[in-house]
Each structure stands twice: as structure tokens, then as C-alpha cells.
Amino acid sequence: MFRECSERGERMYGAVIGDVVGSVYEFAPIKTKDFQLIRPDSRFTDDTVLTVATIDALLNGKPYSSVYKEWYKKFPQAGYGASFVRWAQAEDNGPYNSWGNGSAMRVSPIGWYFETLAEVLDEARRSAEVTHNHPEGIKGAQATAVAVYLARKGQTKEQIKEYIERTFYYKLAEPLASIRAWYEFDVSCQGSVPQAIRAFLEAKSFEDAIRNAVSLGGDSDTLACITGAIAEAYYREIPALLKEEVTARLEPEMTVLLNDFYNIQKIT
């Protein structure tokens, strides 16, 4: 277990930590919470790259379509889906009607950046639809961003659960113990965002949330990225040593943007 240490005032490492922890279990899924959080081969994946790209878009006023392509070109071997790679390498910027969870794994900075629920919903849609213009792709991004926003604003887990269920029609009542029995690798928004949110809802701490997500045995880096983003917004504390281990695995330009995102006055 990592020692819990206050890291108040810092945001977005929750998503990145989830990605790095889950990276080594994505294609070697496990069904237990008893696992090594950080291994020598733990690394950032496309989830981190595109989350940082979203921060870049927000802070520097860049269009989402161009910033996602820009960051793909910086780190082309980070593990993107085949459809995204084709889009990122093409001259055309048109979306490809995806319902994959790529729209949800990169959206969490929006839940921190904006001050109203309406802004979060609208911006999450805008970030998704440059690639994931399928209704499920947009819904997954919006549900994730809203969960981060509501957690950040001090809503209870029950309030968050009720809003997500009522607004997005995700079913969040099934316990993780039951989900583990049938859950398999699923890269769709509809087949991973509800499970990631449930992993947060059952958690007792930030670390416990990450362990919950990975233990489902699915698309572990993306599940834990989504769960970690919401959990950090809710708990406001992350283990200091875990943050240090993950930061050491990032590229300097990533940490610069992450720190810039923390330091802007708009983030509260």
C-alpha cells in the first residue's frame, strides 16, 4: 500500500496515475485488487497523451482536432486504436463515428476547467465529436466529465450516481463483485464508462478506486484512467509516492502542461 499523503490543490494526476497503473494489465487482465500498483514496465499510454492534449487545447486555445493529431505525432507508439491512427494520419479532419472509450479517457480536464454544468456538457461534446461523433461516444465523454465536475463541486456519491443514471441512462447499481464474474475486455463507451464509474462509487480511497478499476479485468488503463480522474476530484488526495513514481515515467512536456493546468486561477 502507498502511504496516503495530501496533494491538495493538484488535479489531473488522477487520470494519468490510473493510466500508468493499468497499462501493464490491459492485455494481461486480472480479477483481483491484490496486485502491484507500479512495476518496472509500467508506462503512460495514449490515455495520458490525449488527456494532456486536452489540457493543451484548453490552456492554449487550440482546436481539438489539431491538438489530438499534434500529440499523436509526438508519441505515435503510445497504443492508440486503429481507427484513431488512421484519422490522426489523414489529411481529412472529419470524425469517424466511433463509440469507443477514447472520447471518455481524454475528457477529464474539462470537468475541472469549467464552472457550470452546461459548459462541461457542451465542451465534452465538442471534444468528443471531432472523432467520436456516435451518440454513445459523446455520451461517454459527457458522463465522465460530468462525474469529475460533480465530484469536484462536493456532490455525494449518491448524488453523482443519481445524476449519471438519470441523465445518461447508465445502470450503476450492479456491485463490482457481480460485474467481475462476467466482465470482459470492452473498448466501447457503453461497456466501460459505467463500470469505471462504479469502481469509483465503491471505493474507500483514491488508491482503492484504482484497484477497483483494474480488478475488473477489462481495458485496464482506460478504466483506471476514468476512475482515477473522478476519484481524485472526489477525494482531493493522492498518495505522494505514487504520484512521484508516475511522474518519473512522463515526458517533461507532459509535466509542464499538467503543472500549468494546476496553477491557473480558474481551477478551484
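Structural data are supplied above this passage.
Residues numbered from 1 in each chain as written. Predicted model: local features only at pLDDT ≥ 70, side-chain atom pairs only at ≥ 80, totals over all residues. Heavy atoms only, no water.

**Student:** Where do I start with the overall build of the chain in this structure?
**Tutor:** Of regular secondary structure, the chain possesses 15 helices and 0 strands. For the chain, the C-alpha radius of gyration of 16 Å lies close to 18 Å, the compact-globule estimate for 268 residues. With the principal axes as the frame, the chain shows a C-alpha extent of 45 × 40 × 35 Å. Going through the 268 residues of the chain one by one, you find that 60% of them count as buried. A sequence separation of at least 24 residues applies to 75% of the contacts in the chain between residues at least 6 apart. Working note: accessible area of the chain is about 10600 Å², and carbon and sulfur atoms make up 50% of it. When the 30 basic and 37 acidic side-chain charges of the chain are each reduced to a single mean position, those positions are 3 Å apart. (Helix = DSSP H or I, 4+ residues; strand = E, 2+ residues; numbered from the N terminus. Rg over C-alpha atoms; globule rule 2.2 N^0.38 Å. Buried < 20%, exposed > 50% of the residue type's maximum accessible area, 1.4 Å probe, protein only. Contact = heavy atoms within 4.5 Å. Areas by Shrake-Rupley, 256 points an atom, 1.4 Å probe, with all protein chains shown as cover. Lys, Arg positive; Asp, Glu negative; His and termini not counted. Charge placed at Lys NZ, Arg CZ, Asp CG, Glu CD.)

**Student:** Hey, could you run me through the pattern of salt bridges in this one?
**Tutor:** Pairing is possible between side chains that carry opposite charge, provided their charged atoms lie close to one another. Applying the stated rule across the entire model yields 15 salt bridges. The closest approach of N and O atoms between Lys74 and Glu253, which form a salt bridge, is 3.1 Å. Taken as a pair, Lys74 in helix α3 (residues 64-74) and Glu253 in helix α15 (residues 252-263) lie far apart in primary sequence, 179 residues in all. As a salt-bridge pair, Glu123 and Arg126 come within 2.7 Å of each other at their nearest N and O atoms. (Salt bridge = Lys/Arg side-chain N within 4 Å of Asp/Glu carboxyl O.)

**Student:** Quick question: what am I supposed to make of the packing of aromatic side chains here?
**Tutor:** Any two aromatic rings considered together are summarised by their centre-to-centre distance and by the angle between their planes. For the structure shown, the criterion picks out 15 aromatic pairs. Ring geometry for Phe84 versus Trp87: centroids 5.4 Å apart, planes at 45°, classification tilted. Of the two residues, Phe84 and Trp87 both sit in helix α4 (residues 82-89), 3 residues apart, roughly one turn of that helix. Residue classification places Phe84 among the buried residues on the basis of a relative accessible area of 6%. Take Trp87: its relative accessible area is 4%, and that puts it in the buried class. (Phe/Tyr/Trp six-rings, centres within 6.5 Å; stacked < 30°, edge-to-face > 60°.)

**Student:** Where do I start with the packing of helix α2 (residues 46-60) against α15 in this structure?
**Tutor:** A pair of packed helices is captured by two measures, namely the crossing angle of their axes and the spacing between those axes. Viewed as axis vectors pointing N to C, α2 and α15 meet at an angle of 50°, and their least axial separation amounts to 10 Å. Regarding the angle of α2 to α15, the classification is oblique. Remark: the crossing between α2 and α15 carries left-handed chirality. Residues Thr48, Val49, Val52, Ile55, Asp56, Leu58, Leu59 and Asn60 of α2 form the contact with α15, whose own contacting residues are Met254, Leu257, Leu258, Asp260 and Phe261. (Axes fitted to C-alpha atoms, helices over the stretch in contact; angles between N-to-C directions. Parallel < 35°, antiparallel > 145°, perpendicular 65-115°, else oblique. Left-handed = near helix turned anticlockwise from the far one by under 90°.)

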